Amino acid sequence: NDALGKPFTVKGTGRPWEELAARGAKSHYSRGMVPRDALVLCLGLDCQLDRVEWGLWGFGREYKRYAIDYGVIERHISEPDAQRNLDILLDRKWPNFCGNQMAITASAIDGNYSTDDVLTWARKHPPHRLIVVRGLPSEVAPRIAKVQRERDEKKGQVRKHGGRFFNLNVSNFKMSLYRDLDKTDAAAPGFVSLPSGCEDRFFQELVSETRIGIKRMGYTIYKWDKPDRQANEMLDCACYAAAAALKSGVNGLSDIGWQKLEAQFHEPPPPPPKPGERLTLTSKPSLASRL
């Protein structure tokens, strides 16, 4: 619908998590390793009362995506230990199939909860590497839109977000993920690859919500619902990572851009220098320069 304007069927129910777990068990790559066609890494972070959960996703040609890794950083985001571990996470690298170390291109963190604390930490990192996102209940809102200007409800002052706060149409992101999880042909555009070595909770949380319709004053209003006591952090992290990828320009990357990324990450790393040999440092082009 986004590309061609054709009608589509809304997907509001995820695949049974057992099917996804079985698919992951047969995967060609394991958790923590970047597969061959994942060329851009994006991180989604979901803030909770006593922890920050994260999910790392890879993106490749034809809108394909790859679950890479996930984890939990204990303590509230306002605490120094949590912020220190988050800083380390943003700088962390993951090995790909031929031994190259791949860094995170862009990240998105949930700003719906403890907004001021999230923004305080986020300002330590440049906006092109980290954005703050907030889900909107509307299904007709843009997929991602910058928050231009708003006032603090308590102080009445204009909030300064530094161009890094974005509203998300999270319903659109969830429907897109569920639609792509239904695909069983690995060559199909948008196919979602899942790694082996994941806990059951990863798959349970990934499809934890269901889109339901509620009648109000003669109109049907849709919302996303989940069973009581069922966590949904991995679903949220997947949506935030997709938003970070969209913001960084992955969907608009040209064929030449993908070819440059393949040339960069598909060649094995150079051998370690011999004793007494001088190192030659080279800089890598940014993602924006490959568009």
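What counts as what
- Residues numbered from 1 in each chain as written.
- Predicted model: local features only at pLDDT ≥ 70, side-chain atom pairs only at ≥ 80, totals over all residues.
- Heavy atoms only, no water.
- Phe/Tyr/Trp six-rings, centres within 6.5 Å; stacked < 30°, edge-to-face > 60°.
- Helix = DSSP H or I, 4+ residues; strand = E, 2+ residues; numbered from the N terminus.
- Buried < 20%, exposed > 50% of the residue type's maximum accessible area, 1.4 Å probe, protein only.
- Patch = residues over 30% accessible without salt bridge, like charges linked within 9 Å, V, L, I, M, F, W, Y side chains within 5 Å.
- Areas by Shrake-Rupley, 256 points an atom, 1.4 Å probe, with all protein chains shown as cover.
- Salt bridge = Lys/Arg side-chain N within 4 Å of Asp/Glu carboxyl O.
- Pairing = 2+ DSSP bridges.
- Contact = heavy atoms within 4.5 Å.
- Axes fitted to C-alpha atoms, helices over the stretch in contact; angles between N-to-C directions.

Quick word on the packing of aromatic side chains
For step 1, the next point in the chain: Under the defined criterion, the tally for this structure stands at four aromatic pairs.
For step 2, the next point in the chain: Ring plane angle 65° and centroid distance 6.1 Å describe the contact between W54 and W94, whose orientation is recorded as edge-to-face. Of this pair, W54 sits in strand β2 (residues 51–59) while W94 sits in strand β4 (residues 93–95); the two residues are 40 residues apart in sequence, bridging distant segments of the chain.
For step 3, the next point in the chain: Ring centres of Y178 and W224 lie 5.6 Å apart, and the angle between their planes is 75°; this geometry places the pair in the edge-to-face category. On the criterion of sequence distance, the pair formed by Y178 in helix α4 (residues 170–181) and W224 in strand β12 (residues 219–225) is long-range, its members being 46 residues apart. Comparing Y178 with W224 shows no difference in burial state: the two are buried.

Notes on the environment of F165
For step 1, the next point in the chain: Along the chain, F165 turns up in strand β9 (residues 165–168).
For step 2, the next point in the chain: When its relative accessible area of 1% is taken as the criterion, F165 is described as buried.
For step 3, the next point in the chain: When the C-alpha atoms of F165 and Q148 are compared, they prove to be 8.4 Å apart, with 17 residues separating the residues in sequence.

Structural notes on a nonpolar patch on the surface
For step 1, the next point in the chain: On the surface, M217, Y219 and I221 cluster together into a nonpolar patch covering about 420 Å² of accessible area.
For step 2, the next point in the chain: Along the polypeptide, M217 turns up in the loop between β11 (210–216) and β12.

Focus: the sheet that holds strand β8 (residues 144–146)
For step 1, the next point in the chain: Spatially, the eight strands line up as an open sheet ordered β8-β9-β7-β6-β1-β2-β3-β10, and their pairing is mixed. Looking at which strands have only one partner, the edges of the open sheet turn out to be β8 and β10 (192–193).
For step 2, the next point in the chain: Pairing between strand β6 (residues 106–110) and strand β7 (residues 130–135): four bridges, direction parallel. Each bridged residue has a counterpart across the sheet, and for S107 the counterpart in β7 is L130.
For step 3, the next point in the chain: The sheet contacts of helix α2 (residues 80–91) involve β1 (40–47), β2, β3 (65–74), β6 and β7, and relative to β3 the element is tilted by about 160°.
For step 4, the next point in the chain: Strands in contact with helix α3 (residues 115–122) are β1, β6, β7 and β9; relative to β7, the strand with the most contacts, it is inclined by about 160°.

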